[in-house]
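Inside the fold
For reference, the chains in residue letters:
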Amino acid sequence: MLAVGVSYRQTIRVYPHGGGSYIVASDNLGRVPGLVAAAGLLTDYILTVAVSVASGVAAITSAIPSLAPATVPIGVGVIAVLLAGNLRGVRQTGALFAAPTYAFIFAIFALVAVGLYAAAGRGFHPTPTPPLTAMEGVSVLLVLRAFASGSTAMTGIEAISNAVPAFQPVEWRNARTTLTWMVSLLIALFAGTIALVHLDGVVPNANETVLSQLAHRSFGSGFLYAFTQAATAAILLLAANTAYNDFPRVLFLLAHDQYAPRLFLRMGDRLAFSNGIILLSVAATVIYVAFGGMTDP
């Protein structure tokens, strides 16, 4: 995270008009590497919407198991709401997303603090994990899966470098400040959560997310547990906003360079790249429905 964060701080300063990996790779490595980077970005943004919505719905069903049969309709409805909100413009939706972000940060810091306090009472001795049965040996696919899962911790870092023009003036300075805060919070929250998983002996469960298990151990089943799950669901469902900001921008840059249809150059009445937003929503919905709203079917 530190290496990627420092790299993107430099990118933002040198490329204050945005573009991220596509612009940087094209300028410094050539056309083909730039297009490969753009393809990777577009794929990532589509999966970000599908996976963020699936994870957010999983947080809801972990707290309210009776909603599990409605996983697909709930997720599709959320994507529809994100589509409608983003078609109204980035600035309007950005203000809406601030409250869940602060709520999530508060909830997870409280979770880590309470969990570490409880662990300190037992001398930081890890709780034994329940018996586990190995289902698969270490293979290339398992290593790739672990790498992909770990990479999700850095979701959103690229988005800031792509959306520098969306910041208030001075754009590049505010973008760098935001990136620094984001990386710092990511490291603190990620490290704290992993420490609790180790200390509490929590293992993945098909019916309940790891974060829900940690919240149950730290807060029981009362208000703080419900608040943590609600904040987690909200931040996951709204995390797709980074993709809605940047997927259309990358498509716009590709269309400007004549590598994508020119219809992605057009802006709607609300000064948003409406065609890119619609394409992202349709593609993410297809993936979400195809996998039944599950990240690990």
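Rules of the game
Residues numbered from 1 in each chain as written. Predicted model: local features only at pLDDT ≥ 70, side-chain atom pairs only at ≥ 80, totals over all residues. Heavy atoms only, no water. Helix = DSSP H or I, 4+ residues; strand = E, 2+ residues; numbered from the N terminus. Rg over C-alpha atoms; globule rule 2.2 N^0.38 Å. Buried < 20%, exposed > 50% of the residue type's maximum accessible area, 1.4 Å probe, protein only. Contact = heavy atoms within 4.5 Å. Areas by Shrake-Rupley, 256 points an atom, 1.4 Å probe, with all protein chains shown as cover. Lys, Arg positive; Asp, Glu negative; His and termini not counted. Charge placed at Lys NZ, Arg CZ, Asp CG, Glu CD. Patch = residues over 30% accessible without salt bridge, like charges linked within 9 Å, V, L, I, M, F, W, Y side chains within 5 Å. Salt bridge = Lys/Arg side-chain N within 4 Å of Asp/Glu carboxyl O. Phe/Tyr/Trp six-rings, centres within 6.5 Å; stacked < 30°, edge-to-face > 60°. Axes fitted to C-alpha atoms, helices over the stretch in contact; angles between N-to-C directions. Parallel < 35°, antiparallel > 145°, perpendicular 65-115°, else oblique. Left-handed = near helix turned anticlockwise from the far one by under 90°.

Before going further, it helps to spend a moment on the overall build of the protein chain. Along its length, the protein chain carries 12 helices and 0 strands. Relative to a compact globule of 297 residues, whose C-alpha radius of gyration would be 19 Å, the protein chain shows 20 Å and is just as compact. Principal-axis analysis of the C-alpha atoms gives the protein chain an extent of 60 × 40 × 40 Å. Split into buried and exposed, the 297 residues of the protein chain put 38% on the buried side. Put simply, of all contacts in the protein chain between residues at least 6 apart along the chain, 72% involve residues at least 24 apart. Total accessible area computed for the protein chain in this model is approximately 15800 Å², and 69% of it derives from carbon and sulfur atoms. Each charge class in the protein chain can be summarised by its mean position, and for the 14 positive and 11 negative side chains these summaries are 9 Å apart.

The next thing to look at is a nonpolar patch on the surface. A cluster of nonpolar side chains, Val-140, Leu-141 and Leu-144, forms an exposed patch at the surface whose accessible area comes to about 340 Å². On the secondary structure map, Val-140 appears in helix H6 (residues 140–151). Overall, Val-140 belongs to the exposed group, its relative accessible area being 63%.

Attention now goes to the packing of aromatic side chains. Tallied over the entire structure, the rule returns 2 aromatic pairs. Measuring from ring centre to ring centre gives 6.1 Å for Phe-106 and Phe-227, while their planes differ by 75°; the resulting arrangement is edge-to-face. Here Phe-227 lies in helix H10 (residues 223–238) and Phe-106 lies in helix H5 (residues 90–121), a separation of 121 residues in the sequence. For Phe-227, a relative accessible area of 27% puts it in the partly exposed group. An aromatic cluster is present here, built from Phe-106, Phe-223 and Phe-227 joined pairwise through their rings.

What follows deals with the packing of helix H3 (residues 31–63) against helix H4 (residues 71–87). Running from N to C, H3 and H4 point in directions that differ by 125°, and their axes come no closer than 10 Å. Taken together, the axis directions place H3 and H4 in an arrangement best described as oblique. Considering the relative orientation of H3 and H4, their crossing is right-handed. Residue-level inspection shows Val-49, Val-53, Val-57 and Thr-61 of H3 in contact with H4, the latter providing Thr-71, Ile-74, Gly-75, Val-78, Ile-79 and Leu-82.

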